[in-house]
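# Structure at a glance
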Amino acid sequence: MSLPSTRPLGGQALPPRGADALIATCPATSARGRPVMLSGSFRLCRAAAAVLGCAPHRALTVALVPGVHANAVRVFLPFVSLSLFDDDLLVQADDLVGFFQVDLAAYDKLDFDGGYHVCFSLGRLTSPALPLAMR
Amino acid sequence: MDDAAFDAVVANSTEEYACSPSVPENAIGLFLAAPIRLVVPADRRTTPRLVVCLSIGFSILQHRRTFGAGRGNPVNAAAFILTVPVAGLATGGPMIDGKERIDDDEPNQADPSDQLSDEEAAAHTFVDHANPDLGYLLHGLTTPGTCFVHAVLGPLISNTVGIALVRA
C-alpha cells in the first residue's frame, strides 16, 4: 500500500453513526528510521464537509509537538497534493465517511529525544493528543 | 461574544479579558475563543491581526507531569495550530510575545511546590491566559474561506474554533 492512503486497514471499524467524529491511532513507541503508521477514520455530515471548501481528506491535519516546545511544532496536510477520487469516501445517508493511513516518518526526522504528542484535526474535529516516544 | 470584544484585547498579553473563555472550577484543560470573522488584507504585505484568547486550566500536578522538574510556563508551551483547508494551508506556532523566555528545561530547586504530594498538587489548580496575535501565521494569505484554530499543550488539546476569512 502506498502512503498516504485512503483505504481502510483490514478490520478497521467505521466511526459510529449519529455524530461527526475523528478517530485516530498512533503507536506509543517507534524506532527511528522505521515507518510510523498513523491511521484513523472520520465521519462528517455534508454541511460540515462543505465548510471545509475542499475534499475532506485534503483538510486532514497532523500536528507533531515535540515535548512542550511550542516553537518547534510541525504541521502537515498529508493529502493536500494527492489525487483523490469519489470512491475515497463512503456515503452513508447524509454523512461522508473516510479512512486514512499516513507514515509520519515521511514528514519529519523524528529526532527529538523527549517524546512527542501527535494531534489530528479535521475542520472543527480534533482527536486526543496521542503520545509517541522514539527509540 | 461579539468580535469587537477581541479588538480590545492587547495582542500577546497574558491577562483575562471579557472574551476569555471561562474555565470550570478545578478543570484541567484548554479553552479557546476567537472572533467569528476576520478580514484578510487584499495585499500580501500586510499581516492581519488575529488575536485569540486561550484559558489554560492547570494544576500543580499537571504542571509536574507536563514539565517534570522544570519551571516551564504553560503559556509559553501552548502551540496554536491553524488550518485553512481551501488554501491548502496548515501551520502552527507559539505566542510570540517578544519577551525573554525562561528556559523550560531548567530545574527550579527552590520551588516549594515540589514538596507537595501528588494528591495535594492535584488540588492546587490555577488558570493562565494567553492572547496571542496569530496573524503572523497567516501572513501572505489572501484567500477567503474558513480558518480553523486549536491549541495544544503536551497531552491537552483545546476546542477548535472556525473563523470566516473574508476579503477586505
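## Some thoughts on the sheet that holds strand S1 (residues 29-33) of chain B
Residues and elements named next belong to chain B. Overall, antiparallel pairing links the 3 strands, which are arranged S1-S3-S6 in an open sheet. One side of each edge strand has no neighbouring strand; the edge strands of this open sheet are S1 and strand S6 (125-130). Taking the axes of each pair of neighbouring strands and ignoring which way they run, one obtains an average angle of 15 degrees across the sheet. As paired strands, S1 and strand S3 (residues 53-59) are joined by 5 bridges and run antiparallel to one another. Bridging across to S3, Leu32 finds its partner in Leu54. The sheet contacts of helix H2 (residues 60-67) involve S3 and S6, and relative to S3 the element is tilted by about 95 degrees.

## Overview of the pattern of salt bridges
Any two side chains of opposite charge can pair if their charged atoms end up close together. All names here are of chain A. In this structure the tally under the stated criterion is 6 salt bridges over all chains. The salt bridge partner of Arg32 is Asp113, with a shortest N-O separation of 3.1 Å. Of this pair, Arg32 sits in the loop between strand S2 (29-30) and strand S3 (37-45) while Asp113 is found in the loop between strand S7 (95-103) and strand S8 (116-122), placing the two residues 81 residues apart along the sequence. Taking the relative accessible area as the measure of exposure, Arg32 reaches 33% and is therefore partly exposed. Asp113 sits in the exposed class, given a relative accessible area of 68%.

## Brief notes about the interface of chain B and chain A
Residue-level contacts link 30 residues of chain B with 25 residues of chain A. Each partner contributes to the roughly 2000 Å² buried at the junction of chain B and chain A, and carbon and sulfur atoms together form 71% of this total. The three residues of chain B that bury the most area against chain A are Pro85(B), Phe148(B) and Ile157(B), which together make up 22% of that side's buried surface. Here chain B and chain A share 0 residue pairs in polar contact (both at pLDDT 80 or more) between them.

## Observations concerning the side chain of Ser30(A)
Residue and element names in this part refer to chain A. Position of Ser30 among the secondary structure elements: in strand S2. Residue Ser30 is classed as buried on the basis of its relative accessible area, which comes to 8%. Discounting residues that sit within four places of it in the chain, Ser30 has contacts with Pro35, Val36, Leu132, Ala133, Met134 and Arg135.

About the thresholds
- Here the residue numbering is sequential within each chain, running from 1 through the sequence in written order.
- Following the order in which they are written, the chains are lettered starting with A and the ligands numbered starting with 1.
- The model is predicted, so local features are restricted to residues of pLDDT at least 70 and side-chain atom pairs to those at 80 or more, both for listing and for counting; the totals for chains, interfaces and linings are taken over all residues.
- Side-chain metrics rest on all non-hydrogen atoms present in the structure, leaving aside hydrogens and water.
- We call two strands paired when DSSP finds no fewer than two bridges between them.
- To qualify as a helix, a DSSP run of H or I must reach at least 4 residues; to qualify as a strand, a run of E must reach at least 2; elements of each kind are numbered from the N terminus.
- The axes used here are C-alpha line fits, helices contributing only the stretch in contact, and every angle between their N-to-C directions lies in the interval 0 to 180 degrees.
- Contact criterion: two residues are considered in contact whenever any of their non-hydrogen atoms come within 4.5 Å of each other.
- When a carboxyl oxygen of Asp or Glu is within 4 Å of a side-chain nitrogen of Lys or Arg, the pair counts as a salt bridge.
- Each residue is placed in one exposure class: buried if its accessible area under a 1.4 Å probe, protein chains only, is under 20% of its type's maximum, exposed if it is over 50%, and partly exposed if it falls in between.
- Accessible area that two parts lose when put together, with a 1.4 Å probe and added across both, is what the buried area reports.
- For this analysis, a polar contact is any N or O atom pair within 3.5 Å, provided that within protein one partner can donate a hydrogen and the other can accept it, and provided that sequence-adjacent residues contribute only side-chain to side-chain pairs.

Any link to function would need more than the numbers given here.
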